[in-house]
Amino acid sequence: MLFWILVAILTAAAAVVLVLPLMRAAAPLSSPHSHDIEVYRDQLEEVTRDRKSGLISGEDAELARAEIARRLLAASAADAPVQQSDAKSLRSNRIAQFFVLACLPAVGLCLYLLTGSPGVPAQPLAARLANPGDDINILIARAENHLAANPGDGQGWDLLAPIYMRSGRVEDAVAAYDQAIRLLGPTPARLGGYAEALIVQSGGLVTADAQEALKKSLALDPNDPRSEFYLALGLKQEGKQQDALAAFRKLAGNSPAEAPWLPLVNQHIAELSAGQAPAGNTMPANPTSEDMAAAAQMDAGDRQAMIRGMVDSLSSKLKEDPANFEGWMRLVRSYVVLDQRDKARDALQQGLKAFPPTGDQGKQLLALGRELGIDADGEEE
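Our subject in this report is the structure included herewith. If you're wondering where the values come from, they're calculated on a predicted model, not measured in any experiment.

**Describing the packing of helix α10 (residues 225-237) against helix α11 (residues 241-254)**
And then number 1: Here α10 crosses α11 at 160°, and the two axes come no closer than 7 Å. The pairing of α10 with α11 is recorded here as roughly antiparallel in orientation. Taken as a pair, α10 and α11 cross one another with a handedness that is left-handed. Contacts between α10 and α11 involve P225, E228, F229, A232, L233, L235 and K236 from the former and Q241, D243, A244, A247, F248, K250, L251 and N254 from the latter.
And then number 2: Considered class by class, the residues forming the contact of α10 with α11 number nine nonpolar, two polar and four charged.

**Quick notes on the pattern of salt bridges**
Oppositely charged side chains are able to pair whenever their charged atoms sit close together.
And then number 1: Taken as a whole and assessed by the stated rule, the structure comprises eight salt bridges.
And then number 2: As a salt-bridge pair, K236 and E271 come within 2.7 Å of each other at their nearest N and O atoms. Taken together, the positions of K236 in helix α10 and E271 in helix α12 (residues 262-274) put the pair 35 residues apart, joining distant regions of the chain. With respect to class, K236 is no different from E271; both count as buried.
And then number 3: Here the salt bridges share partners, and the residues they tie into one network are E144, R169 and D172.

**As for helix α7 (residues 170-184)**
And then number 1: The end-to-end C-alpha distance of α7, which contains 15 residues, comes to 21 Å, matching closely the 21 Å that a straight helix rising 1.5 Å per residue would cover.
And then number 2: Turning to α7, its buried residues number three or more, namely V170, A173, V174, A176, Y177, A180 and I181.
And then number 3: Looking at the buried residues of α7, the elements they touch are α6 (154-166) and α8 (188-201).

**Quick look at the packing of aromatic side chains**
And then number 1: Going through the model one piece at a time under the given rule, you end up with three aromatic pairs.
And then number 2: Taking the centre distance of 5.4 Å and the plane angle of 75° together, the rings of F229 and Y230 count as edge-to-face.
And then number 3: By relative accessible area, which is 13% here, F229 ends up buried.
And then number 4: Between F229 and F248, the aromatic rings sit 5.7 Å apart at their centres with planes inclined by 65°, giving edge-to-face as the arrangement. Of this pair, F229 sits in helix α10 while F248 sits in helix α11, and the two are 19 residues apart along the sequence.
And then number 5: Among the aromatic residues, ring-to-ring pairing joins F229, Y230 and F248 into one connected group.

Definitions and cut-offs
- Residues numbered from 1 in each chain as written.
- Predicted model: local features only at pLDDT ≥ 70, side-chain atom pairs only at ≥ 80, totals over all residues.
- Heavy atoms only, no water.
- Axes fitted to C-alpha atoms, helices over the stretch in contact; angles between N-to-C directions.
- Helix = DSSP H or I, 4+ residues; strand = E, 2+ residues; numbered from the N terminus.
- Parallel < 35°, antiparallel > 145°, perpendicular 65-115°, else oblique.
- Left-handed = near helix turned anticlockwise from the far one by under 90°.
- Contact = heavy atoms within 4.5 Å.
- Nonpolar A, V, L, I, M, F, W, Y, C, P; charged D, E, K, R; others polar.
- Salt bridge = Lys/Arg side-chain N within 4 Å of Asp/Glu carboxyl O.
- Buried < 20%, exposed > 50% of the residue type's maximum accessible area, 1.4 Å probe, protein only.
- Expected span 1.5 Å × (residues − 1).
- Phe/Tyr/Trp six-rings, centres within 6.5 Å; stacked < 30°, edge-to-face > 60°.

Structure follows, in structure tokens:
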């Protein structure tokens, strides 16, 4: 009932807003003959007064009255179209008022009855939490209410952690995975999810805590591809190119041909193979294990500042030594991760100057640009 009362009030308010301008009567249109008509009427009254006071004779008064009356009739006839126009305007206003007051509520009601759900009962928050349907936010709120009252429910934390990750609530996902592991014990799925959340939280760095969780996961399941991948990525970030290449090749060899992660693994293998520097060529440093351990202790703002500092350092070294294919690949990706797409486009263009598009490495740079939605000509795809 409250719903219909609110609908009636809103409809009435809308109708008043629309009707008020229509109810204001338009000022009558001025006519060039309206002033003449008033003058002739005054002259008739003046002739009558002069006749009564004896200033003019009765015969002169009749002649004057007849002439004034003739002129008054001519002016009135000329003013008639203007009066008809005013009447039509008034009728139009009344039709518009009737439409707003009668048709507008009727049309709105019919549309709601056709497309709305007037038969659905009101659902307070408690009722919605009890029957959330497909609303992910209500499902999360319901789980959070349950865990607030039952913090020792490990199954609840285990269920909520991946939902947090899918919803982009990474900090909450880390805490939920930590609670699930503490209450239910470690499994490859929980440890891998926890490590992945830590990696996302650190801006893509495989931190020391993430590596520890991944190693525990591999101890439980030596064939866990997620743990193998992130550990290999950690080796690559630490600058251990040969160890990372061997780890990625091992993962590729143990993966089925249709594995969804295989293209990404092969891409890292190609980057590492192409980036092997000849003797005497200095590679720009990747984040060390100490860097990643320090990053894990920082808040989000400091961590992002540290990542930007490492990327800026890499950019400076590439200006001094542009003949570093793997460095350009990493720099372009890093700028995209930092959401600095203009700098990523500039880095791609600079990399293509060092490795022309006609060569294999230049083609790989162009492929990377297409993958990241960056055109080397200066336009984003």
